[in-house]
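# Reading the structure
Residue-level listing of the chains:
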Amino acid sequence: MNTLYISLLCILLYALAFGLKVKSSLSPKKETPSLPINVLIATGLSVHAVLLYLHIMNHPQYVNLSIFNTSSLISWFILIITQLTSMRNAAIDKALLFILPVCILSVSCNELLVDIHHYRPRAMFSPGLLAHIILSIFAYSTLTITCVQAVILFLQEENLKNKRHTRISSWLPPIETTERILFNLLTFGLLLLSIAMATGAFFIENIIAQKMSHKLVFTLFSWLIFTLLLAGRHFRGWRGITAIKWTLAGFTALMLAYFGSKFALEIVLNDASTMSFQSNAV
């Protein structure tokens with residue numbers, strides 16, 4: 001099925017929501033009502049869900065988990081988590097200014113770039129493995145939002161350091177609020193990552209044969225960085241630039257774990273093992 005028009009509709013909805021969010025942020029005295037933005041995002045998420053189903057479940061016996069499908073799926077989860085979290089803490093909705101462009105980019109790449117298949121039989125996805133995959137996606141999505149909060153905190157720290165009051169400062173929440181959100185998200189994301197790693201160790205067989213040893217190393221490294229950051233926060237009172245650097249370092253390691261190997265195998269090397277099910281699936 002041709003998914004081009006569905007992709008264009010999804011991109012349009014996200015772009016309109018982003019435009020309204022930018023307008024609202026640049027004109028805080030004439031803030032755009034949140035309802036139109038939320039409706040556009042909710043509709044975009046629904047269209048995005050249909051698109052993901054068509055891209056990933058496009059064969060009755062196989063699942064297509066290419067790097068572009070995975071990226072699109074994770075961006076969908078990130079946007080959902082941001083929307084749900086903002087219902088309890090309105091300050092986090094500023095992250096939409098960073099997340100919506102990522103969603104637009106992921107949908108565009110998934111539709112327009114080279115069609116790379118990474119098929120796996122549906123029968124291989126046991127309930128335990130599915131639980132591991134879902135937990136991993138939730139963990140990565142939550143920690144991505146944490147990274148966005150770190151970027152926002154960096155902008156605030158720079159403004160404070162240089163004693164500047166820019167337009168950005170006017171629509172960002174207080175720096176203490178941003179920092180509190182960052183560590184709350186980090187704690188929750190690290191918990192999810194720990195559970196995901198535990199389920200992976202239990203349900204994934206022969207990690208080395210599946211070329212996942214590098215993913216394990218980078219994931220463990222990321223987990224260690226985030227754990228040390230929370231320990232430093234608790235025992236040494238780490239905050240500000242120190243917290244930002246550790247957060248970005250941990251997220252970089254996690255990103256390499258999730259996407260580094262898929263990019264190298266699927267895009268750079270075009271490894272035949274990643275295409276092992278393609279001939280039977282197409």
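Up top you'll find the structure we're talking about.
Keep in mind it's a predicted model, so treat the numbers as computed, not measured. (Residues numbered from 1 in each chain as written. Predicted model: local features only at pLDDT ≥ 70, side-chain atom pairs only at ≥ 80, totals over all residues. Heavy atoms only, no water.)

As a further point, take the overall build of the chain. Looking only at helices and strands, the chain features 10 helices and 2 strands. Reading the chain from its N end, one meets helices and strands in the order α-α-β-α-α-β-α-α-α-α-α-α. A buried classification covers 48% of the 282 residues belonging to the chain. The long-range fraction of contacts in the chain, counting pairs at least 24 apart against all pairs at least 6 apart in sequence, stands at 81%. Put simply, the chain shows about 14600 Å² of open surface, and 69% of that area lies on carbon and sulfur atoms. (Helix = DSSP H or I, 4+ residues; strand = E, 2+ residues; numbered from the N terminus. Buried < 20%, exposed > 50% of the residue type's maximum accessible area, 1.4 Å probe, protein only. Contact = heavy atoms within 4.5 Å. Areas by Shrake-Rupley, 256 points an atom, 1.4 Å probe, with all protein chains shown as cover.)

A rise of 1.5 Å per residue sets the reference length of helix H4 (residues 96–112), with its 17 residues, at 24 Å; its end C-alpha atoms lie 24 Å apart and thus fit the reference within 8%. Residues Leu-96, Leu-97, Ile-99, Leu-100, Cys-103, Ile-104, Ser-106, Val-107, Ser-108, Asn-110 and Glu-111 constitute the buried set of H4. (Expected span 1.5 Å × (residues − 1).)

Think of a disulfide as a covalent bridge from one cysteine sulfur atom to another cysteine sulfur atom. Across all of its chains, the model carries 0 disulfides by this definition. Just so you know, Cys-103 is unpaired, no disulfide at all, and the nearest cysteine sulfur is the one on Cys-10, 7.9 Å from it. Using a relative accessible area of 1% as the deciding quantity, one classes Cys-103 as buried. (Disulfide = S-S within 2.5 Å.)

To continue, consider a nonpolar patch on the surface. On the surface, a cluster of nonpolar side chains totalling about 450 Å² of accessible area is made up of Leu-4, Tyr-5, Leu-8 and Leu-112. With 3 residues, helix H1 (residues 4–26) is the single largest residue contributor to the nonpolar patch. Looking at the secondary structure, you find Leu-4 in helix H1. (Patch = residues over 30% accessible without salt bridge, like charges linked within 9 Å, V, L, I, M, F, W, Y side chains within 5 Å. Salt bridge = Lys/Arg side-chain N within 4 Å of Asp/Glu carboxyl O.)

Before going further, it helps to examine the packing of aromatic side chains. Here a ring pair, both rings aromatic, is described through the centre-centre distance and the interplanar angle of the planes. Under the defined criterion, the tally for this structure stands at 4 aromatic pairs. Ring geometry for Trp-76 against Phe-77: centres 5.3 Å apart, planes inclined by 85 degrees, an arrangement best described as edge-to-face. Ring geometry for Tyr-140 against Phe-251: centres 5.8 Å apart, planes inclined by 35 degrees, an arrangement best described as tilted. With Tyr-140 in helix H5 (residues 127–161) and Phe-251 in helix H9 (residues 240–268), the pair connects residues that are 111 residues apart, well separated along the chain. Side by side, Tyr-140 and Phe-251 carry an identical accessibility label, which is buried. (Phe/Tyr/Trp six-rings, centres within 6.5 Å; stacked < 30°, edge-to-face > 60°.)

We now examine the nonpolar core. Tyr-14, Ile-41, Leu-79, Ile-99 and Tyr-258 are the most contacted members of the largest nonpolar core, which totals 66 residues. Among the elements of the structure, H1, helix H2 (34–56), helix H3 (67–88), H4, H5, helix H7 (175–203), helix H8 (213–236) and H9 are those that each provide at least two residues to this core. Beyond its immediate stretch of four places on either side in the chain, Ile-41 contacts Tyr-14, Ala-17, Leu-79, Gln-83, Leu-96 and Leu-100. (Core = buried A, V, L, I, M, F, W, Y, C linked by side-chain atoms within 4.5 Å.)

Under the criterion given, the structure shown has 3 salt bridges. The salt bridge involving Asp-93 is made with Lys-21; its shortest N-O contact spans 2.8 Å. Placement of the pair is Asp-93 in the loop between H3 and H4 and Lys-21 in helix H1, with a sequence separation of 72 residues. In this structure, the salt-bridge partner of Glu-179 is Arg-239, at a minimum N-O distance of 3.3 Å. Linking Glu-179 in helix H7 with Arg-239 in the loop between H8 and H9, this pair joins segments that are 60 residues apart in sequence. According to the relative accessible area criterion, Glu-179 is buried, its value standing at 5%. Judged by relative accessible area, which is 45%, Arg-239 ranks as partly exposed. One continuous salt-bridge network, built from bridges that share partners, spans Glu-179, Arg-233 and Arg-239.

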